[in-house]
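These are the residues of each chain, in order.
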Amino acid sequence: MRINHLKVNHLVNPLGFDLAEPTISYVAEETEAVKQVKSQVLAALDENFSEIVFDSGESSEIVSTAYVLPMELKPETRYYWKVRVWAENGETAESDTAWFETAKAGEWKADWITPALPKEVQAVLMKELEISKPVKKARMYMVGLGVYELYLNGRKQGDEVLLPGLCDFDTWIQYQTYEMELAQGRNHIEIVLGDGWYKGWYGLRQTSENYGDRLAAIAELHITYEDGTEEIICTDSAWKARKSQVVYSGIYPGEIYDTTLDTSEIYGTEVINLDKDKLSPRLSPPITIHERLKPIEVIHTPAEETVLDMGQNMVGWLSFRCSAPKGTKLFFQFGEILQDGNFYNDNLRTAKAEFTYISDGTERVVRQHFTFYGYRFVKITGWDGEPDPEDFRGLVIHSEMEELGHIETSDPLVNQLVHNAKWGQKGNFLDVPTDCPQRDERYGWTGDAQIFSGTACFNMDTYAFYTKYGKDVYAEQKKLGGSVPDVVPVANYPGDASTAWGDAATIIPWNVYLHYGDKGILVRQYESMKDWVDYMRREDEKYGSKYLWQSGFHYADWLALDGNVEGGVYGATDPFLICSGYYYYSTNIVAKSAAILGKEEDAAYYKDLAQKIHDAFINEYFTPSGRLCVNTMTAHVVALYMGLTPDFAYEKTCAGLLELLKKNKYHLNTGFVGTPYLCPVLSENGMNDLAYQLLMEKGFPGWLYEVLMGATTIWERWNSVLPNGKISGTGMNSLNHYSYGSIVEWMYRYMLGIRPCEEAPGFKKFTIAPAPNYQIRRAKGSLRSAAGTIRSEWAIEGKELHFRFTVPFDTQAVIVLPDAQEAVIAAQTAGNDRILSVIQKGGNVEITVSAGSYSFVYEPTVPCRKIYSADSPMEELEANEKTKKILEREYYSIVKKLPFKDELYTLQELMNGPFTNVPYEQQKKIDRLLREVE
């Protein structure tokens, strides 16, 4: 047995963070044991554990996914901790030592200072200090605004970049903590400042100085000497300043780095009146360089441009080795796509996304400092000779999040789609969950964040990331009386109280809790969650307390394809139906969260409120005969997904959704609200084959269309790029926009079947209920959950289904085998004492299991049918290729009319079936659809 993945508040060895109640987590693995019978947590002031400050004792109450250390923490103190685990079979293990260090103590003695230079001049703050005796410990507590890098004796401190990141600077400012290795003698400290989000060009409404108009920094260097004496060196007016060789920088425009600039002239600094009470220990996980991509090609375009192709739409910087003569000016432009083989970045709108480097003749590796780019292609101007790809690297930057999930299928296009969604998350999880990372926006849109949060939690450990975002959400809410802004942090962008967007306040923390099993996120966010529901309740009360939300402006089913305006952004679904659906959904989440936190009165109140909303929704939107009054795909999806479909209307609601899909030739037309829930609803309600059909769609609109068009991230629009390779527009057209990547959550939950359980979150108990379909022959995946690594794998081999599962140590799972017979499965599980029960439930078999690995093989009671035989004569397939495509498209409208048979249907049998005339009745529509596919 080994104990791995030791974290505090889902951070590895956090230094100077706001830990509130420090909560440890760990994973015991590499063991044949079934369960943990007891464990012990030790914390000490030294690595040898000679000064123990906490000992839990051997306890059966410690849960590995979240154990709050019940100890009073001292500031500026490093605590070491470790875990011992005992299993039921006698195995024991002790973890390696981990640590966390608390933030600074007391009020700030330092002053905020600013360089005595014009406010537009980029500057460096400096301090010389003399260290006269050996240093035992040194910590720098500091922050620079807008963004900064800290240097000691010419060396950058730490691996992080773009600090302090983006937060609601109006409310709180995160400071960082550094371990400083001070030498005896003279030491030189520099704080290099850039405009960043705080002061520079950022925002769609107010485009600069959103939070402040001066570069500034505050810092305290706390030194403890070997002789026991202490010293604090503070920023004050005695610090000096000089001009920076990063002469211009901004989030949208890019950067100019002039190494020929003479920066020897020294200037003074001034104390500036910024509120020290806003200073807070950091919550943001580290922002670092995670990968270094080598260009796959140097392209010489028809326009005689030199362009690097990174092979991947990525976010971050470009580094390069340069030894150009002094005065050489190199100019770089960044874009996501080529047009007619030439460089293009018009879809970035006003964002310039440029980098200028002026060489001083010294050979060096050059990088950017205070900007970032979303790009695949880089146009280079001024380079002498042919660029060597070995001299360039794309530096991939995002917040630190451990990758947890992996999916692989028999279809390479689907695999690329999974890859694209994960890279969309990497690119847009740079301190804030942004909509896009490249154009003149890069906003923390709450709707996008909410929609993708389930997928994000499967892909990576986002607990710390969303904890920080949650603080920003609540900080902005407080200014609005509980309403949630459309964008967080707001940065002077008006707009709030839009359904689905505002529900980020409830849905994100709930998803985080389910995935990681740590209710600390609910503790932090409970007031925010409650305030959002209370805001909706007040809006309801303004219009007669109908227990419906039927007022205000809403984006609702944004970018749905069923809108009344050609090319418009608003879907056809009644926004108030969506409002009322989310009103119920969020209220229900708050009721459950209150119960978890022991707030019994609140739990009862919100449970009752949710029931009233539920009943009012049914009365408002369903006829007595069971018909849903709003006849759109998204309306049906919302009613089914959110538990708002009454029993008397269930069959008609499912049939109505099926009919709408049929009328739309089994293509979706849903938007931001409907799309994330569409495939889950289909799989949950007997239409799993249609969920796969939508996933596998290669035409417009479809997830695989953009894959076939060469996408390496998720697009903002289904047709961001047209079949001829032309970009469909520049007004709002990001090629790295993760929202529709939410399909990957369906792949984890339904294709692989891995689902968390509310009763034991963090996957201490969970379900594995895979839903195979012939359109993909095999699928496998893993999830390094908070409780350990879960694996799910299946394959369709001939007439048989093959399954393999892994359930980690100290967990329990219910495995649901589709279209199975209890007697067949029971025969395969006989004698295995880790099988706790085998039960037939409808057409499925449910097996409750403890930790272990399991495999099953059987013929499903419902055959995995294909539309035509794989061994049909080639000449028949070729002669009837067009008919075959038509039949593939029409299959789902007629498949239920076909009798079951053991073997596959041949093409000829299908052509002779009861639907032979379908192609002729709809020939024009079918021809148009075929042209789209081709």
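The shown structure was predicted, so the numbers you read here are calculated from the model rather than taken from an experiment. (Residues numbered from 1 in each chain as written. Predicted model: local features only at pLDDT ≥ 70, side-chain atom pairs only at ≥ 80, totals over all residues. Heavy atoms only, no water.)

*Asks:* Looking at this model, I keep getting lost on the overall build of the protein. Mind explaining?
*Replies:* Summing up its helical and strand segments, the protein has 20 helices and 42 strands in all. Oriented by its inertia axes, the alpha-carbon framework of the protein measures out at about 90 × 70 × 60 Å. Here the protein holds 934 residues, and 62% of them are scored as buried. Considering only contacts within the protein whose residues lie at least 6 apart along the sequence, 73% involve residues at least 24 apart. About 35400 Å² of surface is accessible on the protein, with carbon and sulfur atoms providing 46% of the total. (Helix = DSSP H or I, 4+ residues; strand = E, 2+ residues; numbered from the N terminus. Buried < 20%, exposed > 50% of the residue type's maximum accessible area, 1.4 Å probe, protein only. Contact = heavy atoms within 4.5 Å. Areas by Shrake-Rupley, 256 points an atom, 1.4 Å probe, with all protein chains shown as cover.)

*Asks:* Could you clarify how one ought to interpret the pattern of salt bridges in this entry?
*Replies:* Side-chain pairing between opposite charges can occur once the charged atoms of the two side chains come close. Inspection of the entire model under this criterion finds 49 salt bridges. Note that Asp 195 and Lys 199 form a salt bridge whose closest N and O atoms lie 3.0 Å from each other. Since its relative accessible area comes to 8%, Asp 195 is described here as buried. For Lys 426, the salt bridge identified is with Glu 291, shortest N-O distance 2.7 Å. One end of the pair, Lys 426, is in helix H2 (residues 412–428); the other, Glu 291, is in strand S23 (residues 287–293), with 135 residues separating them in the sequence. Judged by relative accessible area, which is 6%, Lys 426 ranks as buried. Under the relative-accessibility criterion, Glu 291 is labelled partly exposed at 25%. A single salt-bridge network, built from bridges that share partners, covers Arg 349, Asp 435, Arg 439, Asp 440, Glu 441 and Glu 716. (Salt bridge = Lys/Arg side-chain N within 4 Å of Asp/Glu carboxyl O.)

*Asks:* Sorry, what's going on with the side chain of Ser 785 here?
*Replies:* Mapped onto the fold, Ser 785 is located in strand S38 (residues 778–785). Judged by relative accessible area, Ser 785 falls into the buried class, the value being 2%. Each residue touching Ser 785, except ones within four places of it in the same chain, is listed here: Val 27, Gly 762, Phe 763 and Ile 790.

*Asks:* Which parts of the structure should I look at to understand the sheet that holds strand S12 (residues 147–152)?
*Replies:* Taken together, the 5 strands give an open sheet; going across it, the order is S13-S12-S15-S10-S18, and neighbouring strands pair in antiparallel fashion. Both edges of this open sheet fall to strand S13 (155–156) and strand S18 (240–243), since each of them pairs with a single strand only. For S12 and S13, the ladder comprises 2 bridges, and the chain directions are antiparallel. Across the sheet, residue Tyr 151 finds its bridge partner in S13, namely Lys 156. (Pairing = 2+ DSSP bridges.)

*Asks:* Just to check I follow, could you spell out the pairing of S38 for this structure?
*Replies:* In terms of residue burial, S38 counts as a mostly covered element, since 6 of its 8 residues are buried. The pairing of strand S33 (residues 405–409) with S38 spans 5 bridges and is antiparallel. Bridge pairing in S38 places Ile 407 opposite Gly 781. In the sheet, S38 pairs with strand S39 (residues 788–797) via 8 bridges, with the strands oriented antiparallel. By the bridge assignment, Ala 779 is partnered in S39 with Trp 794. The hairpin formed by S38 and S39 contains 2 residues between the paired strands.

*Asks:* Can you help me understand the sheet that holds strand S5 (residues 67–68) in this one?
*Replies:* Strand pairs in the sheet, formed through backbone hydrogen bonds, run parallel or antiparallel to each other. Strand order in the open sheet made by the 3 strands is S1-S2-S5, with antiparallel pairing throughout. The open sheet is flanked by strand S1 (2–8) and S5, the only strands paired with a single partner. Pairing geometry for strand S2 (residues 23–29) and S5, over 2 bridges, is antiparallel. Its bridge partner being in S5, Ile 24 is matched across the sheet by Tyr 67.

*Asks:* Honestly, the pairing of strand S10 (residues 123–131) in this entry has me stumped. Any pointers?
*Replies:* Looking along a regular strand, one sees side chains alternate from face to face of the sheet. With 4 bridges joining them, S10 and S18 adopt antiparallel strand pairing. If you follow Leu 125 over to S18, its bridge partner there is Ala 241. Across 8 bridges, the pairing between S10 and strand S15 (residues 185–194) is antiparallel. Bridge assignment links Ile 131 to a residue of S15, and that residue is Gly 185.

*Asks:* Is there a simple way to explain the nonpolar core in this structure?
*Replies:* Where a protein is soluble and globular, its nonpolar side chains tend to be buried together. In this structure, Phe 320 and Phe 332 are the most contacted members of the largest nonpolar core, which totals 249 residues. No other element matches the 11 residues that helix H7 (residues 575–596) contributes to this core. Once residues lying within four places of it in the same chain are set aside, the contact partners of Phe 320 are Leu 330, Phe 332, Phe 355, Tyr 357, Arg 364, Val 365, Val 366, Trp 383, Asp 391 and Phe 392. Val 8, Ala 43, Trp 81 and Ala 93 belong to the second largest nonpolar core, which has 28 residues in total. (Core = buried A, V, L, I, M, F, W, Y, C linked by side-chain atoms within 4.5 Å.)

*Asks:* Explain the packing of aromatic side chains here, please?
*Replies:* Within a pair of aromatic rings, the relevant descriptors are the distance that separates the centres and the angle that separates the planes. Summed over all chains, the structure comprises 54 aromatic pairs. For the pair Phe 429 and Phe 452, a centre-to-centre distance of 6.4 Å together with 70° between the ring planes defines the contact as edge-to-face. Within this pair, whereas Phe 429 is found in strand S34 (residues 429–430), its partner Phe 452 is found in helix H3 (residues 446–459), the two being separated by 23 residues in sequence. The pair formed by Phe 429 and Phe 452 is uniform in burial state, with each residue classed as buried. Ring centres of Tyr 692 and Trp 746 lie 5.1 Å apart, and the angle between their planes is 75°; on these two criteria the pair is classed as edge-to-face. With Tyr 692 in helix H12 (residues 688–696) and Trp 746 in helix H14 (residues 743–751), this pair connects stretches of sequence that are 54 residues apart. Comparing Tyr 692 with Trp 746 shows no difference in burial state: the two are buried. (Phe/Tyr/Trp six-rings, centres within 6.5 Å; stacked < 30°, edge-to-face > 60°.)

Such coordinate-based values are descriptive only and should not be taken to indicate function.
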